[in-house]
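Inside the fold
Each chain is listed here by its residues.
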Amino acid sequence: MGNEAQNLREQILRLVGQYSRAAFPVADFLPESTSIPVAGRCFDEADIQSLVDASLDFWLTTGRYAADFERDMARFVGAAHAVLVNSGSSANLLALSCLTSPKLKERALKAGDEVITVAAGFPTTVNPIIQNGLVPVFVDISLPGYNVSVEQLEQACTRKTKAVVLAHTLGNPFDLKRVAKFTKDHGLWLIEDCCDALGSLYQGRRVGTFGDLSTFSFYPAHHITMGEGGCVCTSQEELRRLLESFRDWGRDCRCAPGHDNHCKNRFGRQLGELPFGYDHKYTYSHIGYNLKATDMQAAVGFSQLKKLPGFIEARRQNFETIRLGLEDLAGYFLMPEETPGSVPSWFGFPLTIRDEAPFGRNELLGFLEEHRIATRLLFGGNLIRQPAYRNIEHRVVSNLEVSDRVMMKAFWIGVHPGLTAPMIDYMIEMFHRAPEALEASDARAKTGKP
Ligand SMILES: Cc1ncc(COP(=O)(O)O)c(C=O)c1O
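Residues numbered from 1 in each chain as written. Predicted model: local features only at pLDDT ≥ 70, side-chain atom pairs only at ≥ 80, totals over all residues. Heavy atoms only, no water.

Side note on unusual backbone geometry
That bond from L143 to P144 is cis: its omega, 10°, falls within 30 degrees of zero. Summarising the element assignment, P144 is placed in the loop between β4 (141-142) and β5 (147-148). Phi angles above zero are rare outside glycine, and L60 is one such case at about 70°. Along the chain, L60 falls in the loop between α2 (45-57) and α3 (64-77). Using a relative accessible area of 35% as the deciding quantity, one classes L60 as partly exposed. (Helix = DSSP H or I, 4+ residues; strand = E, 2+ residues; numbered from the N terminus. Buried < 20%, exposed > 50% of the residue type's maximum accessible area, 1.4 Å probe, protein only.)

Next comes the structure, spelled out in structure tokens:
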């Protein structure tokens, strides 16, 4: 780049910093008026500068920022490789699809094979199983951890079982010791969906390093964001190659986008029945996708990653403050508990309303939303009750009683780093006001008096 261009770039980035401070000032919290979201982008001028820097390159597709992000992300997680994609859902699709590669020989997943997962989860944790012609086998979860009921895994396992795909619900690691032992004993693949659990620790090690593959999401609600984005981590070189092939159209060539002939043998190969020397760039070894992210997305992720340790700490502290603040309401709510041996990087604060509580979930969530406190359900609840899953081929182990209970009674509130102490105090206060306010409105409804 010439001097003039370099000087202009520096000026632009300085101005962007100035713009970002002017455009996004920290607003005061006004109870009843400022909304308290469950999650949201936490960003600063460095993120916007990084985005603009990538835009000025006008490389557009996956480029230098993607390479830097993949290196730093792998390092943070403690995996050998990170493969950047355009969403957490794409990461799940890619992770499972790469296991269907014929290159894995007898270990490859084949149509009709069974994959164990939980019924109470996020849809795109499960969907790749169906999309690849495999059969999901649903097991229940347990409370108060909201994770797989490990006792049901043995019951779910048959000759056809080939893999286990599980998410660390709302950041709380599932029992990795027992699940990893189960998959090892039975020779099964393990995919950890860490989309909600970036930075969670289990026995001192980051989640995402226990399974063969792990997936992450960088949607704005998540621990770090790039708008839309995700990645798959693995420490197995063979799987990394498969991930890159399936991500990049199914091609055999491993040159980065916009680069050619790194192997110096682009026109010198004999592959299958292709004419000798057929361009390696247009040689396909898999039925692939294009799931790449742009370098603008990667640039935001690269800058966000530097703030991740602080974000995780803030999430943990917010979770603890809420836990302490709601402790005396345990007669109404089942309080969440982390899996023994884990230090979660919480995504949200889950609560299940007890049967004895004098209010229903809809009334409570209505009350909270009226007071500008956002809530979310635990994703799709028991997924097999969702219209999309009505006709899928599947098996179910147990009566999925807890998944149903969670579908009817659970919800979660935010713990994200954008929450301030006054916001959390206000949330806690509103939870304390809710039972009385809802009882009073219930009584009014019964007597018909205003
Ligand atoms: C557990 C889990 N897996 C996968 C996803 C999908 O991620 P994305 O929204 O980036 O596609 C989500 C989304 O929140 C999720 O919570």
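Focus: the site of the ligand
Around the ligand, the surrounding shell holds 15 residues, and the nearest of these are G88, S89, D193, D196 and S217. Measuring from an oxygen atom of the ligand, one finds a side-chain N or O atom of S89 at 2.6 Å. The contact in question runs from an oxygen atom of the ligand to an N or O atom on the side chain of H222, over 3.0 Å. Isolated, the ligand exposes 390 Å² of accessible area, and the fraction of that covered by the protein chains is 90%. Judged by the proximity of its atoms to the pocket grid, the ligand belongs to the second largest pocket. For the shell around the ligand, the elements supplying multiple residues, two or more each, are α4 (88-98) and α5 (123-131). The leading source of residues in the shell around the ligand is α4, at three residues. (Near = heavy atom within 4 Å. Polar contact = N/O pair within 3.5 Å; in protein donor to acceptor, adjacent residues only side chain to side chain. Areas by Shrake-Rupley, 256 points an atom, 1.4 Å probe, with all protein chains shown as cover. 1 Å grid on protein atoms, 1.4 Å probe; cavity = no way out; pocket = protein on both sides within 12 Å on 5 of 7 lines; lining within 4 Å. Sits in = over half its atoms within 2 Å of the grid points.)

As for helix α1 (residues 3-23)
End to end, α1 covers 30 Å across 21 residues, agreeing with the expected 30 Å (1.5 Å per residue, within 8%). The set of residues buried in α1 consists of R9, L13, V16, G17 and S20. Down the axis of α1, the buried side of the element spans an arc of 100°, and every buried residue falls inside it. Exposed side chains of α1 directed beyond 90 degrees from the buried face belong to N3, E4, R14, L15, Y19 and A22. In this fold, the buried residues of α1 make contact with α2 and α3. (Expected span 1.5 Å × (residues − 1). Arc of directions from axis to C-beta. Contact = heavy atoms within 4.5 Å.)

Points about the sheet that holds strand β12 (residues 333-334)
Strand order in the open sheet formed by three strands is β12-β14-β16, and the pairing between neighbours is antiparallel. Either end of the sheet is taken by a strand with one partner, and the two such strands are β12 and β16 (410-414). Two strands pair when backbone bridges link them, and β12 and strand β14 (residues 348-353) are joined in this way by two bridges, in the antiparallel orientation. Residue pairing in the sheet places F333 in a bridge with I353 of β14. Along the sheet, helix α11 (residues 361-370) contacts β12, β14 and β16; its crossing angle with β16, the most-contacted strand, is approximately 15°. Seen against the sheet, helix α12 (residues 401-409) touches β12, β14 and β16 and runs at an angle of roughly 55° to β16. (Pairing = 2+ DSSP bridges. Axes fitted to C-alpha atoms, helices over the stretch in contact; angles between N-to-C directions.)

Considering the domain arrangement of the protein
Here the protein is partitioned into domain 1 (48-305) and domain 2 (308-447). The straight-line distance from the C-alpha centre of domain 1 to that of domain 2 is 29 Å. Every contact between the two is made by 48 residues of domain 1 and, on the other side, 47 residues of domain 2. Between domain 1 and domain 2, a total of about 3,800 Å² is buried, with carbon and sulfur atoms accounting for 64% of that surface. Here domain 1 and domain 2 share one salt bridge between them. With a closest N to O distance of 2.8 Å, R395 and E114 form a salt bridge. (Domains from an automatic or database assignment. Buried area = accessible area lost by both parts, 1.4 Å probe. Salt bridge = Lys/Arg side-chain N within 4 Å of Asp/Glu carboxyl O.)

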